Amino acid sequence: MTGGELGPLAIRPEASRGRVYAEPESAHRSPFQRDRDRIIHASAFRRLKHKTQVFVEHEGDYYRTRLTHSIEVAQIARTIARVFRLNEDLAEAIALAHDLGHTPFGHTGEDALAECMGPFGGFEHNAQALRIVTRLERHYAEFDGLNLTLDTLEGIAKHNGPIEAPLSETLTEALEGLDIDLTLQGSAEAQVAALADDIAYANHDLHDGLRAGLFTLAEAEGLPVIGDCFAEVDGLYPRLEAGRRRHEGLRRVFGLMVDDAIAETGHRLEQLGEATEVPAANGPLVAFSGRMASDLAAIKRFLFQRMYRHWRVKRMRIKASRVVRELFEIFVTDPALMPEAWSAECRDCATEAARARIVADYIAGMTDRFALEEHRVLTDPTARA
């Protein structure tokens, strides 16, 4: 939406908090449209195509990747932002960038890298996303990173909501020089992106888990929301083919979550009255109802037990974790085994912690297939370098 169409709680383009490095404004795009475009053209964004959510990239073309997930989150965020006349471009930019810091192999890779980096300040995908957009993308002549607006940077940092003090060492370092307080509620657009992430996660994990045969549709229909949605489908289409039935039921689950978020958010905005700023405390404005939050928690518990702890997933987690840990040990021991641009940075490091951070940056940026190939080349005596 243009500035004149925005509601009172929206971040207006002309009210942007600006960038760390001042730049002339674009004649054709708002600051947040430029942020979105820079994110889409970033190397880290393209690599999301080959980074997985739960399954490893080579296991099937139908499973979600970090890229497809980010696109789905952006679609949901734009939908909700439009309803409340928020800044769609800002919400979209935050949604597209929120997973840039993820390692190969999903949360398994992050857990393994966090363990490796334990003695050296730790590792968090949230802080890593900020490192990428402020330092590690190196394409522009006048600055490192993407030089995004502070509004977008804050939304990325808070894509899981506010973070209680004291901040971790990794987040403190990533925020250095940025006027961002992570302990306060984010903008309404940042809150929209955060809730869109929850909706997308729950729905695509249901889709992918069913497609992979990790649980049955009959089992999923015993969960809140899901059973009612499939009962509705059966009433309308009693002899529907199985694949279409699954799609019709799950799209209703998706729709109910979005509708609930819109209804609850509308209720909270009514209570807020004529306010023109997002309250710093008292919880988020953009949220599920208590009932939906409880139902979603039950769905997540089911997915945790039946999907994330499934023996097939656990076997891949063990292998993926070993790949990350062994790559870290190899590169920390001998940084010269990394490409020259990375090993040269290590040669300039004054401390072991600084060297380990560069190694973590290198590994975190890998796609699933690249990490597997690097590990094979470095550990298999028969592999060609």
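A short tour of the structure in this document, coming up. Note that the coordinates shown come from a computational prediction; the quantities given were computed from them, not determined experimentally. (Residues numbered from 1 in each chain as written. Predicted model: local features only at pLDDT ≥ 70, side-chain atom pairs only at ≥ 80, totals over all residues. Heavy atoms only, no water.)

## Focus on the nonpolar core
Link 1 in the chain: Counting residues in hydrophobic clusters, the biggest one holds 79 residues, and the most contacted among them are Ile-39, Leu-100, Phe-215 and Met-257.
Link 2 in the chain: Residue contributions to this core peak at 11 residues, all from helix α9 (residues 188–211).
Link 3 in the chain: If we ignore the near neighbours within four places in the chain, the residues touching Phe-215 are Asp-205, Leu-206, Gly-209, Leu-210, Ala-220, Phe-302, Leu-303, Arg-306 and Met-307. (Core = buried A, V, L, I, M, F, W, Y, C linked by side-chain atoms within 4.5 Å. Buried < 20%, exposed > 50% of the residue type's maximum accessible area, 1.4 Å probe, protein only. Helix = DSSP H or I, 4+ residues; strand = E, 2+ residues; numbered from the N terminus. Contact = heavy atoms within 4.5 Å.)

## Quick word on the packing of α9 against helix α12 (residues 242–272)
Link 1 in the chain: One can describe the packing of α9 onto α12 by two numbers: an axis separation of 10 Å at closest approach and a directional angle of 165°. The angle between α9 and α12 falls in the class roughly antiparallel. Note that α9 runs across α12; the crossing there is right-handed. Each of Leu-195, Ile-199, Ala-202, Asn-203, Leu-206, His-207, Leu-210 and Arg-211 in α9 lies in contact with α12, whose residues at this interface are Arg-246, Leu-250, Val-253, Phe-254, Met-257, Val-258 and Ala-261.
Link 2 in the chain: Each residue belonging to the contact of α9 with α12 can be placed in one class, and the counts come to 11 nonpolar, 2 polar and 2 charged. (Axes fitted to C-alpha atoms, helices over the stretch in contact; angles between N-to-C directions. Parallel < 35°, antiparallel > 145°, perpendicular 65-115°, else oblique. Left-handed = near helix turned anticlockwise from the far one by under 90°. Nonpolar A, V, L, I, M, F, W, Y, C, P; charged D, E, K, R; others polar.)

## As for the pattern of salt bridges
Link 1 in the chain: In total, this model carries 31 salt bridges according to the counting rule given.
Link 2 in the chain: In this structure, Arg-131 engages Glu-173 in a salt bridge whose closest nitrogen and oxygen atoms are separated by 3.5 Å. One end of the pair, Arg-131, is in helix α6 (residues 125–136); the other, Glu-173, is in helix α8 (residues 169–174), with 42 residues separating them in the sequence.
Link 3 in the chain: Judged by its relative accessible area of 10%, Arg-131 falls in the buried class.
Link 4 in the chain: Glu-173 sits in the partly exposed class, given a relative accessible area of 30%.
Link 5 in the chain: For Arg-131, the salt bridge is made with Asp-361, and the minimal N-O distance between the two is 2.6 Å. With Arg-131 in helix α6 and Asp-361 in helix α16 (residues 352–364), this pair connects stretches of sequence that are 230 residues apart.
Link 6 in the chain: The class for Asp-361 is buried, based on a relative accessible area of 5%. (Salt bridge = Lys/Arg side-chain N within 4 Å of Asp/Glu carboxyl O.)

## Overview of the environment of Gly-227
Link 1 in the chain: Positionally, Gly-227 belongs in helix α11 (residues 226–236).
Link 2 in the chain: Using a relative accessible area of 17% as the deciding quantity, one classes Gly-227 as buried.
Link 3 in the chain: With 180 residues separating them in the primary sequence, Gly-227 and Arg-47 have C-alpha atoms 37 Å apart.

## Some words on a positive patch on the surface
Link 1 in the chain: A cluster of basic residues, Arg-315, Lys-319, Arg-322 and Arg-325, forms a positive patch on the protein surface.
Link 2 in the chain: Relative to the helices and strands, Arg-322 is located in helix α14 (residues 311–333). (Patch = residues over 30% accessible without salt bridge, like charges linked within 9 Å, V, L, I, M, F, W, Y side chains within 5 Å. Areas by Shrake-Rupley, 256 points an atom, 1.4 Å probe, with all protein chains shown as cover. Lys, Arg positive; Asp, Glu negative; His and termini not counted. Charge placed at Lys NZ, Arg CZ, Asp CG, Glu CD.)

## Observations regarding helix α13 (residues 290–308)
Link 1 in the chain: Over its 19 residues, α13 runs 25 Å from end to end, which matches the ideal 27 Å to within 8%, given 1.5 Å per residue.
Link 2 in the chain: When α13 is considered as a whole, its buried residues turn out to be Met-292, Asp-295, Leu-296, Ala-298, Ile-299, Phe-302, Leu-303 and Met-307. The buried residues of α13 occupy an angular sector of 155° when the element is viewed end-on, so they sit on one face. Those residues of α13 that are exposed and angled more than 90 degrees off the buried face are Gly-290 and Arg-301.
Link 3 in the chain: Lining the buried residues of α13 we find α9, α10 (217–220), α11, α12 and α14. (Expected span 1.5 Å × (residues − 1). Arc of directions from axis to C-beta.)

## A word on the packing of helix α4 (residues 88–97) against helix α7 (residues 150–157)
Link 1 in the chain: Between α4 and α7, the least distance of the axes is 9 Å, while the angle of their chain directions is 45°. Classified by the angle their axes make, α4 and α7 are oblique. The chirality of how α4 crosses α7 is right-handed. From α4, Leu-90, Ala-93, Ile-94 and Ala-97 reach across to α7, where they touch Asp-151, Thr-152, Gly-155 and Ile-156.
Link 2 in the chain: Looking at side-chain class alone, the contact of α4 with α7 contains 5 nonpolar, 2 polar and 1 charged residues.

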